[in-house]
Amino acid sequence: MAERIFLPVRIAILTVSDSRTPETDTSGAYLASAVEQAGHILAARAIVPDGIATIRAAAEPWIASADVDVIITTGGTGLTGRDVTPEAFAPLFDKHIEGFAAMFHRVSFDSIGLSTIQSRACAGIANNTFIFCLPGSGGAVRDGWDKIIVHQLDARTRPCNLVEIMPRLSER
């Protein structure tokens, strides 16, 4: 087999929270640091309050941009009335990545047991951009990034990964 090389991707981080500020956004800070430590490019970072319109207003320019390959969100995936991140993104998805939610719940179960049922973590593709919606807790963000996303965004991961199919996302 031919040796695979690492290919950095451009990742935007969106924190969805009514209470987080740049100083208190530990989950967004973790993701931003982890993205760069993995060798990827931090293309953008923002914090928006919970709300479908505000989430979409932040994400849609990134989805439309050729300078963003991946969006990772943190927050707004729970069950309370203000948790609307999945509702904001679902209509934008061209395709849902159901396997991400299944794997997220699998690794989350190892960390928090049955409490994982309170998460609506999800993923999809919109305009050739991969989108991963993670819960806001630091543990959930670490589980999602460290145990799933970082590996799928590494072109060296075998037998397959998301980076290798990026050029084919626009096929019709």
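Residues numbered from 1 in each chain as written. Predicted model: local features only at pLDDT ≥ 70, side-chain atom pairs only at ≥ 80, totals over all residues. Heavy atoms only, no water.

K.L.:
Please give an account of the overall build of the protein chain that cites residues and values.
P.N.:
Along its length, the protein chain carries five helices and six strands. The linear arrangement of helices and strands in the protein chain, starting from the amino end, is β-α-β-α-β-α-β-α-β-β-α. Its C-alpha radius of gyration of 15 Å places the protein chain within 12% of the 16 Å reference for a compact globule of 172 residues. The burial tally for the protein chain puts 47% of its 172 residues in the buried class. (Helix = DSSP H or I, 4+ residues; strand = E, 2+ residues; numbered from the N terminus. Rg over C-alpha atoms; globule rule 2.2 N^0.38 Å. Buried < 20%, exposed > 50% of the residue type's maximum accessible area, 1.4 Å probe, protein only.)

K.L.:
Any chance you could break down the packing of aromatic side chains for me, citing the residues and the numbers?
P.N.:
According to the stated counting rule, one finds three aromatic pairs in the structure shown. Note on Phe100 and Phe132: the rings are 5.2 Å apart at their centroids and 65° apart in plane angle, and the pair reads as edge-to-face. Separated by 32 residues along the polypeptide, Phe100 in helix H4 (residues 98–112) and Phe132 in strand S6 (residues 129–134) bring together distant segments of the chain. Across the pair, Phe132 and Phe100 agree in class, each one buried. Through a chain of ring-to-ring contacts, three or more aromatic side chains come together here, namely Phe100, Phe104 and Phe132. (Phe/Tyr/Trp six-rings, centres within 6.5 Å; stacked < 30°, edge-to-face > 60°.)

K.L.:
Let's hear about the packing of H4 against helix H5 (residues 138–152): which residues, and what values?
P.N.:
At their nearest, the axes of H4 and H5 sit 10 Å apart, and the two run at 120° to each other. Here H4 is positioned oblique relative to H5, judged by the angle of their axes. Our pair here, H4 against H5, has a crossing hand that is right-handed. Across the interface between the two elements, Phe100, Met103, Phe104, Val107, Ser108 and Ser111 from H4 touch Ala140, Asp143, Gly144, Lys147, Ile148 and Ile149 from H5. Across the contact of H4 with H5, the residue classes tally to seven nonpolar, three polar and two charged. (Axes fitted to C-alpha atoms, helices over the stretch in contact; angles between N-to-C directions. Parallel < 35°, antiparallel > 145°, perpendicular 65-115°, else oblique. Left-handed = near helix turned anticlockwise from the far one by under 90°. Contact = heavy atoms within 4.5 Å. Nonpolar A, V, L, I, M, F, W, Y, C, P; charged D, E, K, R; others polar.)

K.L.:
Give me the sheet that holds S6: which residues, what numbers.
P.N.:
The six strands are arranged S2-S1-S3-S6-S5-S4 in an open sheet whose pairing can be described as mixed. Of all strands in the sheet, those with a lone pairing partner are strand S2 (41–48) and strand S4 (95–96), marking the two edges. Looking at chain direction, strand S1 (residues 10–16) and strand S3 (residues 70–74) are connected through five bridges and run parallel. Pairing of Ala12 across the sheet is with Ile71, part of S3. On the sheet, helix H1 (residues 26–37) packs against S1, S2, S3 and S6 and is oriented at approximately 175° with respect to S2. (Pairing = 2+ DSSP bridges.)

Geometry only, nothing functional implied.
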